[in-house]
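Given next are the chains, with one letter for each unit.
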Amino acid sequence: MSERTFLTVPEHVAIIMDGNGRWAKQRGLPRTMGHRKGVDAVRETVRAAGDAGIKYLTLFAFSSENWRRPETEVSDLLGLLKAFIRRDLAELHRQNVRVKVIGDRLSLKSDILDLLVDAEERTKSNTALTLVIAFNYGSRDEIARAMTSLARDVEAGRLRAQDISPALINARLDTAGIPDPDLIIRTSGEERLSNFLLWQAAYSEFIFVPEYWPDFSREIFHSALETFASRDRRFGGLVAQTAAAVGT
Ligand code: IPE
Ligand code: IPE
Ligand code: MG
């Protein structure tokens, strides 16, 4: 297939992959089948993002609030993540993809934590796409952990409270070193952030698509990229700018 080129390619696209359960329900299937099919959409999207020249793709895989779901569903979701890493890491590595995980690691069991850390370690020198997996991620939790870390420095006399700046806060977030998302896509027709990248989304463009995540495709992705390219981003100024030009 010939690859499409876009006028303005976002450097960082973040996706709230929503609607697996409804996709399954629509077909009279158990919710877990929707999650399974969702993994295929992840594979296709990672490839499409790399092909389009996107540098960072963040996927919201499991939120810090998703533990509220029935135990069987939680364990299915954790199992799918483990299976994905085990099965797909070699292929991701071959595609020169660097894996990075954001979210609270401390409360994760060691089997899953070891897999995630190993995936990061093995792919850390790759230079094509960075795939950021948001797992056990919640933005408020991330911000609270960053604040604790800054407060410890103030307490120990390593930092003056008045020196705390947006840049210092940025550097303590799980996303330190990753540019803010230029574009946030949410599938399934829901139009909310659900505690995803609240700080980082300050100037993101939002695109909400009606399709459920298992139906997300290269075509839907391309159409979102086209919409993104047609938007004027002003960052508070009066003329259209790029994120790089204003240094966000
Ligand atoms: C997204 O699909 C997957 C996760 C949140 C882990 P959902 O499971 O939220 O599907 P719906 O929203 O109930 O349809
Ligand atoms: C957001 O979807 C979390 C992920 C996609 C992992 P949810 O389905 O959990 O969000 P709410 O509960 O509808 O807001
Ligand atoms: Mg949902």
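Here the structure is a predicted model, which means the values were calculated and not measured.

Draft legend 1. View of the site of ligand 2. In the vicinity of ligand 2, the contacting residues are Ile16, Met17, Asp18, Phe60, Ala61, Phe62, Asn66, Arg69, Arg186, Arg192 and Ser194. Here an oxygen atom of ligand 2 sits 3.2 Å away from a polar atom, N or O, in the side chain of Asp18. A distance of 2.7 Å separates an oxygen atom of ligand 2 from a polar atom in the side chain of Arg192. Burial of ligand 2 by the protein chains amounts to 77% of its free accessible area of 390 Å². Because more than half of its atoms lie within 2 Å of the grid, ligand 2 is assigned to the largest pocket. When its residues are assigned to classes, the shell around ligand 2 shows five nonpolar, two polar and four charged.

Draft legend 2. Seen up close, the site of ligand 1. As a structural note, the neighbourhood of ligand 1 is formed by 13 residues, with Met17, Asp18, Arg22, Arg31 and Arg69 the closest of them. A distance of 3.3 Å separates an oxygen atom of ligand 1 from a polar backbone atom of Gly19. Considered on its own, ligand 1 offers 380 Å² of accessible surface; in the complex 86% of this is hidden by protein. Assessed atom by atom at 2 Å from the grid points, ligand 1 resides in the largest pocket. Elements supplying a minimum of two residues to the shell around ligand 1: helix 1 (20–26), helix 2 (31–52) and helix 3 (71–94).

Draft legend 3. Local environment of the sheet that holds strand 6 (residues 205–208). Reading across from one edge, 3-4-2-1-5-6 is the order of the six strands in this open sheet, with parallel pairing throughout. Unpaired on one side and paired on the other, strand 3 (98–102) and strand 6 mark the two borders of the sheet. Pairs of neighbouring strands in the sheet enclose a mean axial angle of 20 degrees, with direction left out of account. Pairing geometry for strand 3 and strand 4 (residues 130–137), over five bridges, is parallel. Following the sheet pairing, Ile102 is matched in strand 4 by Ala134. Running at roughly 160 degrees to strand 2 (residues 56–63), helix 2 makes contact with strand 1 (12–16), strand 2 and strand 4 of the sheet. Sitting on the sheet, helix 4 (residues 110–123) touches strand 3 and strand 4, and the angle it makes with strand 3 is about 140 degrees.

Draft legend 4. Region of the structure containing the layout of surface pockets. There is about 730 Å³ of room inside the largest pocket. What lines the largest pocket is a set of 32 residues, and nearest its centre among them are Met17, Asn20, Phe60, Ala61 and Phe62. Mapped by element, the contributors of at least two residues to the lining of the largest pocket are helix 1, helix 2, strand 2, helix 3 and strand 4. Split into classes, the residues belonging to the lining of the largest pocket amount to 16 nonpolar, eight polar and eight charged. Here the second largest pocket defines a volume of roughly 290 Å³. Around the second largest pocket, the lining is made up of 18 residues, and of these Thr8, Arg233, Gln241, Thr242 and Ala243 lie nearest the centre. At the level of elements, helix 7 (218–229) and helix 8 (243–246) are the ones that each hand at least two residues to the lining of the second largest pocket.

Cut-offs applied
- Residues numbered from 1 in each chain as written.
- Chains lettered and ligands numbered in written order.
- Predicted model: local features only at pLDDT ≥ 70, side-chain atom pairs only at ≥ 80, totals over all residues.
- Heavy atoms only, no water.
- Near = heavy atom within 4 Å.
- Polar contact = N/O pair within 3.5 Å; in protein donor to acceptor, adjacent residues only side chain to side chain.
- Areas by Shrake-Rupley, 256 points an atom, 1.4 Å probe, with all protein chains shown as cover.
- 1 Å grid on protein atoms, 1.4 Å probe; cavity = no way out; pocket = protein on both sides within 12 Å on 5 of 7 lines; lining within 4 Å.
- Sits in = over half its atoms within 2 Å of the grid points.
- Nonpolar A, V, L, I, M, F, W, Y, C, P; charged D, E, K, R; others polar.
- Helix = DSSP H or I, 4+ residues; strand = E, 2+ residues; numbered from the N terminus.
- Pairing = 2+ DSSP bridges.
- Axes fitted to C-alpha atoms, helices over the stretch in contact; angles between N-to-C directions.
- Contact = heavy atoms within 4.5 Å.
- Points joined across faces, edges and corners; volume = space filled by probe spheres on them.

Structural measurements only, silent on function.
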